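Coordinate analysis (summary)
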Amino acid sequence: MSSTRHFLAIPDLSRPELLTLFDLASRMKRPGYADKPLAGKTLGMIFAKSSTRTRVSFEVGAFQLGGHALFLSSRDIQLGRGEPIRDTARVLSGYLDGIMIRTFDHADIEELARFASIPVINGLTDLLHPCQVLADLLTIRESLGGWEGKVVAWVGDGNNMANSWLNAAGMLGFELRLACPAGYTPNQEILERNRKLTKVTLTADPREAVRGAHAVNTDVWASMGQEQEQEERARAFQGYIVDQALMDTADKGAIFLHCLPAHRGEEVSEAVIEGEQSRVWNQAENRLHVQKALMATLMAT
Ligand code: CP
Ligand code: NVA
């Protein structure tokens, strides 16, 4: 066990550290950045779920910073055959300089971090998706000039993304309004903790959440691992589509965000995701820049 710095949740970085991270990400994004803070370093990337953005952005990011990334499907490593997480953590710590993991149970990533002597980065669990929200915050800063005094609306499932938005709002102090159907609200403990830190509203009415908001955010109704609930969820989320009529109730300069992949015609209309207010492609690209900054912060010596 060790005191290595990990990034399992947004509050694992202090507010000043988060601000420094966004500045570094912006610097890395500008043409001409050529530092190689990860020279000679290897990131292991364990995936127990599918991924396009997370896998590619971490791998490309490590390479661009002079390092290397190793894709480890949990189906193909011994972890998938039952080798204990704590054993995997100690073995991999002897080879690698950092581990990024995407898995189901958040307790598993906590166990990995407890036993690893190298930084562990959360690439999504059922509870949280902090790297995505870092990218979303950078996108808000680029599009709206920052989050101070801004209202972020969340429409849909109180899932790993919603929980990470709650953590972000608590850390950075912006207002967050969540519209979630009954039975699909965010994690209660994360909600209560961040409610004490900033203005958080939870409603079942998307219009109440979106009215005057500066960023409107949604995600799929059934996350990875919930595919068998798809039909039941589609019924529960009727009326939760972010369409142009809903966007028109937001601030007139409002942007639309979605972590992707998206289901057009379910949580978002074709017109909104492809429309002028949509920042989803910038958001996806920003995964690369924030994660490079994160790897440099945690893994560079
Ligand atoms: N947004 C996101 O994490 O995408 P992937 O599932 O493709 O990694
Ligand atoms: N909430 C989604 C996010 C995908 C990037 C999921 O967990 O599947």
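Above this text you will find the structure in question.
Read on for a plain summary of the structure.

Rules and cut-offs
Residues numbered from 1 in each chain as written. Chains lettered and ligands numbered in written order. Predicted model: local features only at pLDDT ≥ 70, side-chain atom pairs only at ≥ 80, totals over all residues. Heavy atoms only, no water. Helix = DSSP H or I, 4+ residues; strand = E, 2+ residues; numbered from the N terminus. Expected span 1.5 Å × (residues − 1). Buried < 20%, exposed > 50% of the residue type's maximum accessible area, 1.4 Å probe, protein only. Polar contact = N/O pair within 3.5 Å; in protein donor to acceptor, adjacent residues only side chain to side chain. Near = heavy atom within 4 Å. Areas by Shrake-Rupley, 256 points an atom, 1.4 Å probe, with all protein chains shown as cover. Nonpolar A, V, L, I, M, F, W, Y, C, P; charged D, E, K, R; others polar. Pairing = 2+ DSSP bridges. Axes fitted to C-alpha atoms, helices over the stretch in contact; angles between N-to-C directions. Contact = heavy atoms within 4.5 Å.

Section: helix α6 (residues 160–172)
An α-helical turn contains 3.6 residues, so any two residues separated by three or four positions project in the same direction. Counted at 1.5 Å a residue, the expected span for α6 with its 13 residues is 18 Å, and the 18 Å between its end C-alpha atoms agrees. Of all 13 residues in α6, 13 are buried; the element is thus mostly enclosed. Two or three places before Met 161, at the start of α6, stands the capping residue Asn 159, its side-chain oxygen 2.9 Å from that residue's backbone nitrogen. Directly after α6, the chain includes Gly 173, whose backbone phi takes a positive value near 85°.

A short note on the site of ligand 2
Leu 124, His 129, Asn 159, Asn 160, Asp 219, Ser 223, Met 224 and Leu 260 make up every residue found near ligand 2. Contact between ligand 2 and Asp 219: a nitrogen atom at 2.6 Å from a side-chain N or O atom of the residue. Within the contact set of ligand 2, an oxygen atom lies 2.8 Å away from a backbone nitrogen or oxygen of Met 224. Taken by itself ligand 2 offers 270 Å² of open surface, and the protein chains cover 94% of this.

Examining the site of ligand 1
Inspection of the region around ligand 1 gives Ser 51, Thr 52, Arg 53, Thr 54, Arg 102, His 129, Gln 132, Cys 259, Leu 260 and Arg 287 as its neighbouring residues. Taking Leu 260, its main chain carries an N or O atom lying 2.9 Å from a nitrogen atom of ligand 1. The fraction of the free accessible surface of ligand 1 (250 Å²) that becomes covered by protein chains is 96%. Its residues assigned to classes, the shell around ligand 1 comprises 2 nonpolar, 5 polar and 3 charged.

Here we look at the pairing of strand β8 (residues 215–218)
In regular strands, side chains alternate between the two faces of the sheet. On β8, burial covers both faces: Ala 215 and Asn 217 on one face and Val 216 and Thr 218 on the other are all buried. With 4 bridges joining them, strand β5 (residues 151–155) and β8 adopt parallel strand pairing. Its bridge partner being in β8, Val 152 is matched across the sheet by Ala 215. Here 4 bridges tie β8 to strand β9 (residues 255–258), and the two strands are oriented parallel to one another. Its bridge partner being in β9, Asn 217 is matched across the sheet by Leu 257.

Some thoughts on the sheet that holds strand β2 (residues 68–73)
The parallel open sheet is built from 4 strands, whose spatial order is β2-β1-β3-β4. Where the open sheet ends on each side, the last strands, each with one partner, are β2 and β4 (120–122). Neighbouring strand axes in the sheet, compared pairwise and without regard to direction, differ in orientation by 20° on average. The strands touched by helix α4 (residues 106–115) are β3 (98–102) and β4; relative to β4, the strand with the most contacts, the crossing angle is about 165°.

By themselves, these figures tell us nothing about what the structure is for.
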